[in-house]
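Spelled out, the chains give:
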Amino acid sequence: MAKVSSDTRQRIVAAIKGTLALGTLVFATQACQTKHAAPTAAEKQAPSAPHDDAGSRAAFLAAYPVFMHPRCMNCHPTGNVPLQGDDSHPHAQNVQRGPDGKGLYALKCANCHQSANLPGLNMPPGNPNWHMLPPTMKMVFHGKTPAELARQLKDPQQNGGKTLEQLLHHVTEDKLVLGGWDPGDGRTKPPLRHAEFAAMMREWIEKGAAIPE
Ligand code: HEC
Ligand code: HEC
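Residues numbered from 1 in each chain as written. Chains lettered and ligands numbered in written order. Predicted model: local features only at pLDDT ≥ 70, side-chain atom pairs only at ≥ 80, totals over all residues.

Participant: Lay out the overall build of the protein with the relevant residues and their values.
Facilitator: Scanning the protein from N- to C-terminus turns up nine helices and four strands. For the protein, the sequential pattern of α-helices and β-strands runs α-α-α-α-β-β-β-β-α-α-α-α-α. (Helix = DSSP H or I, 4+ residues; strand = E, 2+ residues; numbered from the N terminus.)

Below is the structure:
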């Protein structure tokens, strides 16, 4: 866990309260490029489970509540404003997605969201790569039915050209996904454990990635 100096914390608190011009906040720029790590050995294996539409649908329905949980949905909204809190209200400070998903003008995500969680209630959750998707490839979870979500996840036109194996790798390894289970003080966690969620996604894909009805 990276330690955040109390000085940094003070500055962020000040910025959040609007007592400090945001332009004066200078933090080290972080590598925001998402890295696609090579698939692990387990992921390279050819699908082993036999095709089974009913089993596949059931696995997706078991995983679905995780996508709908605020820890995930808040970064995958319909519009261009990220959401906050367990009631998924629009992000304060008029924060916007911006052209690359990293914020608009001086309100860059990484100005406030550090590489690790800041201790205390209502502090910004941290992650070295905290950002959302660009407006051209939104990957919306908010308001999607299970069928709509499954179609979107499978569609290379809507998922940034990912294969199902890459999708599985993402939900298994990605730091923003894992962060949902280490969300910072006072925040609830998604309903399944991460390992259970990843197992359900694997089963959905291995049994044929069927679209729920
Ligand atoms: C800080 C914002 C943020 C949070 C929180 C977040 N995501 Fe994401 N998510 C992203 C970004 C950015 C991408 C695109 C990254 C990429 O393409 O590798 C993404 C991509 C995805 C994808 C890839 C879609 C595809 O077709 O490959 C899935 C699935 C996903 N997220 C699931 C989740 C789940 C599940 C959670 C909660 C446990 C979650 N996300 C939380 C920002 C976030
Ligand atoms: C001015 C500072 C600031 C900026 C800039 C900022 N955030 Fe936040 N963000 C916060 C704070 C503070 C919280 C925690 C609010 C709370 O818990 O009440 C937060 C919470 C969030 C949450 C909710 C997390 C959860 O699990 O519920 C999301 C999602 C989020 N921010 C996304 C973003 C994205 C994406 C950007 C850039 C486009 C961004 N933020 C820019 C300060 C900021």
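Participant: With reference to specific residues and values, describe the site of ligand 1.
Facilitator: Taken together, 24 residues lie near ligand 1, and C72, C75, N159, K162 and G180 sit nearest. Of all the elements in the fold, those that place two or more residues in the shell around ligand 1 are α3 (53–68), α4 (70–73), α7 (164–173) and α8 (175–179). In terms of residue count, the dominant contributor to the shell around ligand 1 is α7 (three residues). When grouped by side-chain class, the residues that make up the shell around ligand 1 number 14 nonpolar, eight polar and two charged. (Near = placed C-beta within 6 Å. Nonpolar A, V, L, I, M, F, W, Y, C, P; charged D, E, K, R; others polar.)

Participant: Could you give an account of the site of ligand 2, naming the residues involved and the relevant values?
Facilitator: Lining the immediate environment of ligand 2, one finds 27 residues, of which N74, P82, C109, C112 and N122 sit closest. If you list the elements that add at least two residues to the shell around ligand 2, you get α1 (6–16), α4 and α5 (109–112). Looking at which element gives the most residues to the shell around ligand 2, the answer is α5, with three residues. Residue composition of the shell around ligand 2, grouped by class: 13 nonpolar, 11 polar and three charged.

Participant: Describe the nonpolar core, and please don't skip the residues or the numbers.
Facilitator: Counting 23 residues, the largest nonpolar core has A63, F67, F197, M201 and W204 as the members making the most contacts within it. Mapped by element, the contributors of at least two residues to this core are α3, α4, α6 (146–154), α7 and α9 (194–206). For M201, the contacting residues outside a window of four places in its chain are A63, L168 and V171. (Core = buried A, V, L, I, M, F, W, Y, C linked by C-beta atoms within 7 Å. Buried ≥ 20, exposed ≤ 12 C-beta atoms within 10 Å, placed from the backbone. Contact = placed C-beta atoms within 7 Å.)

Participant: Quick one: what's the story with the packing of α7 against α9, residue by residue and with numbers?
Facilitator: α9 packs onto α7 with a crossing angle of 170° between their chain directions and a minimal axis gap of 9 Å. By the criterion of interaxial angle, the relationship of α7 to α9 is roughly antiparallel. Two secondary-structure elements touch here, α7 through L164, L168, V171 and T172 and α9 through F197, A198, M201, R202 and I205. Taken together, the residues of the contact of α7 with α9 sort by class into seven nonpolar, one polar and one charged. (Axes fitted to C-alpha atoms, helices over the stretch in contact; angles between N-to-C directions. Parallel < 35°, antiparallel > 145°, perpendicular 65-115°, else oblique.)

Participant: Explain the environment of L133 to me, using residue names and the numbers behind them.
Facilitator: By secondary structure assignment, the location of L133 is in the loop between α5 and α6. Overall, L133 belongs to the partly exposed group, with 17 C-beta atoms counted inside 10 Å. Here the alpha-carbon distance between L133 and C75, two residues 58 residues apart in the chain, equals 8.3 Å. If we ignore the near neighbours within four places in the chain, the residues touching L133 are G101, K138 and M139.

Participant: Run through unusual backbone geometry, naming residues and quoting values.
Facilitator: A positive phi is found at M139, a non-glycine position, where the angle reads about 50°. In this structure, M139 sits in the loop between α5 and α6. In this structure M139 comes out as partly exposed when scored by C-beta crowding, with 16 C-beta atoms within 10 Å.

Participant: How would you sum up α6? Please name residues and give values.
Facilitator: By the burial criterion, the buried members of α6 are L149, A150 and L153. Looking down the long axis of α6, one finds its buried residues gathered within 100° of arc, a one-sided arrangement. (Arc of directions from axis to C-beta.)

Participant: Account for the packing of α3 against α9, with residues named and values stated.
Facilitator: The geometry of α3 relative to α9 is characterised by a closest axis approach of 8 Å and an angle of 145° between their N-to-C directions. Note on packing geometry: the crossing formed by α3 with α9 is left-handed. Contacts between α3 and α9 involve G55, S56, A59, F60, A62, A63 and V66 from the former and F197, M200, M201, E203 and W204 from the latter. Across the contact of α3 with α9, the residue classes tally to nine nonpolar, two polar and one charged. (Left-handed = near helix turned anticlockwise from the far one by under 90°.)

Participant: Give me the environment of P146: which residues, what numbers.
Facilitator: As for its position among the elements, P146 is in helix α6. Here the alpha-carbon distance between P146 and F67, two residues 79 residues apart in the chain, equals 9.6 Å. Apart from the residues within four sequence positions on either side, P146 is in contact with F60, L61, Y64 and P212.

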